[in-house]
Amino acid sequence: MGNDTLPPYTPSTPSPRYSSGLLPGEQTVESTHRASSRRPTGVYRRITDPLTIVLRDQHPGSTYPIYGRCGVIQGDVILGNVTDGLTSVILKLEGHFLLHASGIPVSTTFLSMTCVLWNASHTQRPRTIPIEVTFPRTFDDGGQTRALPPTFESSEPRAACSYSLTIELPRPRQFLSLLKGNEAVKVPLMYRPQSRPHLPILSSDLPFMSTVKSSPEEWHEVMCTVPMSQGSGLAHVKCLLFIPSVQTYALSDTIPFHLQIRGSPASLVPFLEQGYDGNQGATGQQSGGIVIRVYLLRQSSVKIHGQYATACRNIGEGQMGPSQSLLSGHRTVLRHPLGEDLDSLDWDGVLRCGEDVTVPSFSTNQFSVKV
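Residues numbered from 1 in each chain as written. Predicted model: local features only at pLDDT ≥ 70, side-chain atom pairs only at ≥ 80, totals over all residues. Heavy atoms only, no water.

**Observations concerning the nonpolar core**
No. 1: Residues Ile 73, Phe 135, Tyr 163 and Leu 189 are the most contacted members of the largest nonpolar core, which totals 31 residues.
No. 2: When residues of this core are traced back to their parent elements, those giving at least two are β2 (51–58), β4 (72–79), β5 (88–101), β6 (104–119), β7 (128–134), β11 (158–169) and β12 (183–191).
No. 3: If you tally residues by element for this core, the top one is β11, at five residues. (Core = buried A, V, L, I, M, F, W, Y, C linked by side-chain atoms within 4.5 Å. Buried < 20%, exposed > 50% of the residue type's maximum accessible area, 1.4 Å probe, protein only. Helix = DSSP H or I, 4+ residues; strand = E, 2+ residues; numbered from the N terminus.)

Here you go:
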C-alpha cells in the first residue's frame, strides 16, 4: 500500500444553471401556487398617557396585532412625560387558558416571557425603546412539549386561549408618596400559526373514477357498515368515503371527496333518488326519505378536574351530486353493478370550511380542537 499512488483526478464540470422559467419545448406538469409572502406594512398603535406602544408589520385595519408561527414582535415603546421615579421598563409576553367549570372561570398561564427593556442603573432613560421578541415554537404542557396553541374562543364548552403583550413601568414604593404606583399597558395579541400539507391535493375537477385507478395512493378510504332498520329483512350496506390521502388541509382548501354506498340491489332501493332536480349545489341528497350529507364536524373538548366537556359544531357543509362517470344523459343516481349480487351508488362532492372558521386543529392537556 505504501508504494501505491493515487489515480489522477480531473476537476468536475460546473453544474448547469437552473431556472424556474420554462425553456422552449418545456411545459409544467404540476405546480403548487403559494400565497403571497410579502410582509405586511401596517402599524398598530396603543396610545396611553404614560407610554405609546407601536407594533410594525401589521395588516392595515386589523383590530389586534396578528402573528404567525415563531412570529417576531417588532416595534417601539415611546415613553410619555409622566415617568418620574421610573426604575425600569419591563416587557411581558403571556399566554392564558380560561376554562369555565360549573360557571366558575379558571385561568391558567401556560406561557410567560419577561424581558427588561431598560434599567435606570445602566443608562439614561431614553425617549424611545425598541422591542423585539419572538413567539416560541413550543411550550411545556405538564411535562410534554407541545406546539403553541392558536388564539381561540369557544362558547360551548366555554373556553378561551389568549395572548397578550404587557409593558410595565415599575416605581419604588414610598410611604405617603405623591408619585403614582406601578403602571402597565396591555395589548391583546392574535396568534395564528399555519401549517402547509406535505403534498398538494388533487383538483376537484378530476373525475374520481379515473384518478383512483391511475393514482390510488392519492386517496384515503374510510369504510363503515350502515345497519338497515329491524324488520325490513334487508342486508346491511357499506358506506365508503374517499378523501385526499394527505389528510392535512388549509382552512381555505376546497377538499374533493367521493361517496359510495355498496349493498344488495334490494338494500340500495331506499337510497335511490326519487326527485333529484339536478341542482349540483344541493348540500344533502334526499333519496327515498333518506338525506345523505357529508360535512366537517369540529369537536372542542375541555378537561377540568379530570372531567371532560365536549361539544361539536358543523363548520362546513359538503356540496355533492351524482358521480360524473355514472351520468348517462340525465340527472339521476344510477346503480353500478359490482358482481357477487352487489351494486353501488356513487356521489362526487367538495368540502370547504365556512368563512368564519379561522382556527386550525390543536391539542393541549386542558383543551383540544379537532375535526
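**Here we look at the sheet that holds β2**
No. 1: Spatial strand order, β1-β2-β4-β7: four strands in an open sheet with antiparallel pairing. The open sheet terminates on both sides in strands that have one partner only, identified here as β1 (42–47) and β7. Each strand axis lies, on average, 20 degrees off the axis of its neighbour in the sheet, ignoring direction.
No. 2: Pairing between β2 and β4: five bridges, direction antiparallel. Bridging from a neighbouring strand, Ile 53 pairs with Val 77 of β4. (Pairing = 2+ DSSP bridges. Axes fitted to C-alpha atoms, helices over the stretch in contact; angles between N-to-C directions.)

**Regarding the confidence of the model for the chain**
No. 1: Residues of the chain with pLDDT of at least 70 account for 82%, and the chain-wide mean is 81.
No. 2: Scored below 50 in pLDDT, residues 274–283 makes 21 contacts in the model with residues more than four places away or belonging to other chains.
No. 3: In the model, residues 326–334 has pLDDT below 50 throughout and makes 19 contacts with residues more than four positions away in sequence or in other chains. (pLDDT = per-residue confidence, 0-100. Contact = heavy atoms within 4.5 Å.)

**Focus on the side chain of Ser 88**
No. 1: Locating Ser 88 in the fold gives a position in strand β5.
No. 2: Leaving out residues up to four positions away in the same chain, Ser 88 has contacts with Trp 118, Asn 119, Glu 168, Leu 169 and Pro 170.

**Some words on the packing of aromatic side chains**
No. 1: According to the stated counting rule, one finds 12 aromatic pairs in the structure shown.
No. 2: Taking 5.6 Å as the distance between ring centres and 85 degrees as the angle between the ring planes, the aromatic pair formed by Phe 110 and Tyr 163 counts as edge-to-face. With Phe 110 in strand β6 and Tyr 163 in strand β11, the pair connects residues that are 53 residues apart, well separated along the chain.
No. 3: Each residue in the set Tyr 67, Phe 97, Phe 110, Phe 135, Phe 139, Tyr 163 and Tyr 191 is aromatic and connected to the rest through ring pairs, giving one cluster. (Phe/Tyr/Trp six-rings, centres within 6.5 Å; stacked < 30°, edge-to-face > 60°.)

**Examining the side chain of Asp 346**
No. 1: Tracing the chain through its elements places Asp 346 in strand β22 (residues 342–351).
No. 2: Within the local environment of Asp 346, its side chain forms a polar contact with the side chain of His 258, the two groups lying 2.7 Å apart.
No. 3: Side chain to side chain, Asp 346 and Gln 260 meet in a polar contact 2.8 Å long. (Polar contact = N/O pair within 3.5 Å; in protein donor to acceptor, adjacent residues only side chain to side chain.)

**Brief notes about the sheet that holds strand β23 (residues 362–363)**
No. 1: The sheet built from four strands is open, its strands ordered β19-β18-β24-β23 with antiparallel pairing. Two strands lie at the open edges of the sheet, namely β19 (307–317) and β23, each paired on one side alone.
No. 2: Pairing of strand β18 (residues 295–304) with strand β24 (residues 367–370) involves four bridges; the strand directions are antiparallel. By the bridge assignment, Ser 301 is partnered in β24 with Ser 368.

**What about the pairing of strand β14 (residues 237–244)?**
Side-chain direction in a regular strand flips from residue to residue, so the side chains alternate between the two faces of the sheet.
No. 1: Of all eight residues in β14, six are buried; the element is thus mostly enclosed.
No. 2: Judged from the eight bridges that link them, strand β13 (residues 219–226) and β14 form a sheet pairing that is antiparallel. Following the sheet pairing, His 220 is matched in β14 by Ile 243.
No. 3: As paired elements, β14 and strand β15 (residues 255–263) share five bridges and run antiparallel to each other. From the neighbouring strand, Leu 241 faces β15, where its bridge partner is Leu 259.

**Digging into the state of the cysteines**
No. 1: Overall, the coordinates contain zero disulfides when judged by the stated rule.
No. 2: The structure places no disulfide on Cys 224, whose sulfur is separated from the nearest cysteine sulfur, that of Cys 239, by 4.7 Å.
No. 3: By relative accessible area, which is 41% here, Cys 224 ends up partly exposed. (Disulfide = S-S within 2.5 Å.)

**What about the pattern of salt bridges?**
No. 1: In total, this model carries six salt bridges according to the counting rule given.
No. 2: Asp 57 is the partner of Arg 39 in a salt bridge, and the nearest nitrogen-oxygen pair spans 3.8 Å. Of this pair, Arg 39 sits in the segment before β1 while Asp 57 is found in strand β2, placing the two residues 18 residues apart along the sequence.
No. 3: Asp 57 gets classed as partly exposed once you look at its relative accessible area, which sits at 23%.
No. 4: Of the charged contacts, one joins Glu 168 and Lys 92 as a salt bridge, the two residues approaching to 3.3 Å between their closest N and O atoms. Residue Glu 168 is located in strand β11, and its partner Lys 92 is located in strand β5; the two are separated by 76 residues in the primary sequence. (Salt bridge = Lys/Arg side-chain N within 4 Å of Asp/Glu carboxyl O.)

**Here we look at unusual backbone geometry**
No. 1: Each neighbour pair has its own omega, and for Glu 156 with Pro 157 the value is -5 degrees, a cis peptide bond.
No. 2: Mapped onto the elements of the fold, Pro 157 is located in the loop between β10 (152–155) and β11.
No. 3: Even without a glycine there, the phi angle at Asp 57 is positive, about 60 degrees.
No. 4: The phi dihedral of Cys 70 falls on the positive side, at around 55 degrees, and the residue is not glycine.
No. 5: Mapped onto the fold, Cys 70 is located in the loop between β3 (66–67) and β4.
No. 6: Accessibility expressed as a relative area gives 26% for Cys 70, which makes it partly exposed.

**Topic: the environment of Ala 311**
No. 1: Inspection of the secondary structure assignment puts Ala 311 in strand β19.
No. 2: Linking Ala 311 and Val 369, residues 58 residues apart in sequence, is a C-alpha distance of 9.9 Å.
No. 3: Setting aside anything within four residues of it in sequence, one finds Ala 311 in contact with Glu 156, Pro 157, Arg 298, Gln 299 and Ser 300.

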